[in-house]
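Here's the letter readout for the chains.
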Amino acid sequence: VLASFGSTVKEAREVEAAFAAEAKKRYPNAHVALANTARMVMSKNKEQGIVIPSLFRALADLAHEGYTHVAVQSLQLIPGAEYDGVLAVAKAQEALPKGLRKISVGAPLLASNEDCELVAKALVASLPKERNAADPVIFVGHGTHHGTGGMVYPALQWHMANNDAKIFISTIEGTPDQGHTLAKLGKPAGKQAAEWVAPLLSLAGDHAVNDLYGDEGDSWKSVLGKQGWKVKESFVPLLSIPGVREVWFGHLDAALAELGITR
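The rules we used
Residues numbered from 1 in each chain as written. Predicted model: local features only at pLDDT ≥ 70, side-chain atom pairs only at ≥ 80, totals over all residues. Heavy atoms only, no water. Axes fitted to C-alpha atoms, helices over the stretch in contact; angles between N-to-C directions. Helix = DSSP H or I, 4+ residues; strand = E, 2+ residues; numbered from the N terminus. Parallel < 35°, antiparallel > 145°, perpendicular 65-115°, else oblique. Contact = heavy atoms within 4.5 Å. Pairing = 2+ DSSP bridges. Buried < 20%, exposed > 50% of the residue type's maximum accessible area, 1.4 Å probe, protein only. Salt bridge = Lys/Arg side-chain N within 4 Å of Asp/Glu carboxyl O. Core = buried A, V, L, I, M, F, W, Y, C linked by side-chain atoms within 4.5 Å. Left-handed = near helix turned anticlockwise from the far one by under 90°. Nonpolar A, V, L, I, M, F, W, Y, C, P; charged D, E, K, R; others polar.

Peer 1: Even after reading the chapter, I still don't get the packing of helix 5 (residues 113-126) against helix 10 (residues 242-258), so can you show me in this structure?
Peer 2: In a packed pair of helices, the relevant descriptors are the angle between the two axes and the axis-to-axis distance. Look at helix 5 against helix 10: their axes get within 8 Å of each other, and the N-to-C directions meet at 155 degrees. Judged on the interaxial angle alone, helix 10 and helix 5 are roughly antiparallel. Contacts from Asp115, Leu118, Val119, Ala122 and Leu123 of helix 5 reach helix 10 at Gly243, Val244, Val247 and His251.

Peer 1: Looking at this model, I keep getting lost on the sheet that holds strand 8 (residues 230-233). Mind explaining?
Peer 2: Ordered by their spatial adjacency, four strands build an open sheet running 6-5-7-8, and the pairing between neighbours is parallel. On the outer flanks of this sheet lie strand 6 (167-171) and strand 8, each paired with one strand and no other. On average, each strand axis in the sheet is tilted by 30 degrees relative to the strand beside it, whichever way the strands run. Of the strand pairs in this sheet, strand 5 (residues 137-141) and strand 7 (residues 194-199) are connected by four bridges, and their pairing is parallel. Its bridge partner being in strand 7, Ile138 is matched across the sheet by Val197.

Peer 1: Is there a simple way to explain the pairing of strand 7 in this structure?
Peer 2: Two faces belong to every sheet, and in a regular strand the side chains alternate between them. Among the six residues of strand 7, six are classified as buried, and the element is accordingly described as predominantly covered. The two faces of strand 7 match: Ala194, Trp196 and Ala198 on one face and Glu195, Val197 and Pro199 on the other face are all buried.

Peer 1: Explanation requested: the pattern of salt bridges in the structure shown.
Peer 2: Pairing between side chains becomes possible if they bear opposite charge and their charged atoms approach one another. A full pass over the atoms with the stated rule returns eight salt bridges. In this structure, the salt-bridge partner of Arg245 is Glu22, at a minimum N-O distance of 2.7 Å. Taken as a pair, Arg245 in helix 10 and Glu22 in helix 1 (residues 10-26) lie far apart in primary sequence, 223 residues in all. A residue is classified by how much of its surface remains accessible, and Glu22, at 27% relative accessible area, is partly exposed. Among the salt bridges present, the one from Arg131 reaches Asp164, with a minimum N-O distance of 2.8 Å.

Peer 1: Help me out: how do you make sense of the pairing of strand 3 (residues 69-74) in this one?
Peer 2: Burial within strand 3 is extensive, with five of its six residues counted as buried. In the sheet, strand 1 (residues 2-4) pairs with strand 3 via two bridges, with the strands oriented parallel. Residue pairing across strands places Ala3 opposite Ser74, the latter belonging to strand 3. One ladder, built from five bridges, connects strand 3 with strand 4 (residues 102-106); its direction is parallel.

Peer 1: Sorry, what's going on with the sheet that holds strand 1 here?
Peer 2: The strands making up a sheet are joined through hydrogen bonds of the backbone, oriented either antiparallel or parallel. Here four strands make up an open sheet; going across it, the order is 2-1-3-4 and the pairing parallel. Edge positions in the open sheet fall to strand 2 (34-36) and strand 4, since each of these has one partner strand only. When the angles between neighbouring strand axes are averaged without regard to direction, this sheet yields 25 degrees. Set on the sheet, helix 4 (residues 81-93) makes contact with strand 1, strand 3 and strand 4; between it and strand 4 the angle comes to about 170 degrees.

Peer 1: Help me understand the environment of Pro154, please; the structure alone is not making it clear to me.
Peer 2: Looking at where Pro154 falls in the secondary structure, it is placed in helix 6 (residues 152-163). Overall, the relative accessible area of 35% leaves Pro154 in the partly exposed class. C-alpha of Pro154 to C-alpha of Glu16: the two residues are 138 residues apart in sequence and 27 Å apart in space. Not counting residues up to four positions away in its chain, the partners in contact with Pro154 are Thr175 and Pro176.

Peer 1: Got a minute to help me understand the nonpolar core in this structure?
Peer 2: When a protein is soluble and globular, its nonpolar side chains tend to lie buried together. Ranked by size, the top nonpolar core spans 46 residues in total, and within it Leu123 and Phe139 carry the most contacts. Going through the elements one at a time, helix 1, helix 5, strand 5, helix 6, strand 6, strand 7 and helix 10 are the ones with two or more residues in this core. Counting 17 residues, the second largest nonpolar core, distinct from the first, contains Val1, Ala35, Val70 and Val86.

Peer 1: Sorry, what's going on with the packing of helix 3 (residues 55-64) against helix 4 here?
Peer 2: The interhelical angle for the contact between helix 3 and helix 4, taken along N-to-C directions, is 30 degrees, at an axis separation of 10 Å. What the angle tells us is that helix 3 and helix 4 run roughly parallel. For the element pair helix 3 and helix 4, the recorded crossing hand is right-handed. Between helix 3 and helix 4, the contacting residues are Leu55, Phe56, Leu59 and Ala60 on the first element and Val86, Val89, Ala90 and Gln93 on the second. Among the residues forming the contact of helix 3 with helix 4, the class breakdown is seven nonpolar, one polar and no charged.

Peer 1: Hey, could you run me through the environment of Gly174 in this one?
Peer 2: Take Gly174: it is sitting in the loop between strand 6 and helix 7 (178-185). Judged by relative accessible area, Gly174 falls into the buried class, the value being 8%. Residues Gly174 and Gly143, 31 residues apart in the sequence, show an inter-C-alpha distance of 4.2 Å. Not counting residues within four places of it along the chain, the set of residues in contact with Gly174 comprises His142, Gly143, Thr144 and His145.

Written out as structure tokens, the structure reads:
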């Protein structure tokens, strides 16, 4: 079961579905299902006739169909509140009478120092070819103040700096925040100075459309534009980057191995 936050944006759902399709090819002998964790997203999608089950429902359906061993792969970025929710649902559904006997959970994308190193390299490789080496880039994630999850973004920044000193990691609701990142970025050298903004998000949904590239005065695009930067978009969600997908699949391989299953 691939457990993602979900999205109401059509293009983001298509990316989500493409990842599920790749998983089916990678694990041809396993049943692959998609589940969402955000109740608001599921409710809005249902109004449009789009039904993706909650993780709880997806696991219950698999138990009803006779499955006994399930690997749940978190498509969250960090060990934050959403990931804790995935763990809680898996624990609640495991070992129920006549239900699922064993549920393993794959770690979120950035669960270790090695993950951060691999993802940093994959992000650099994902940048548009037209990006000049002198052009700064800001990858913007959601961020969190929950548990130890917020420590991941500064760690990723450290690894990113080792790959490209012009690339910054920032967040919408965490650390590093926008003010800290803008201070590190500094002012543009001229009227044509380009600044790239990219989503550090599994799916380029509402946060990317509005918080990063929206026309509102507090969006990253607007704030950087007011400072004199020529803002360019690298609208590529993490689930669309091959090197990043491999990190997630590595975690899923480990979750399946817990069940005694190898590819």
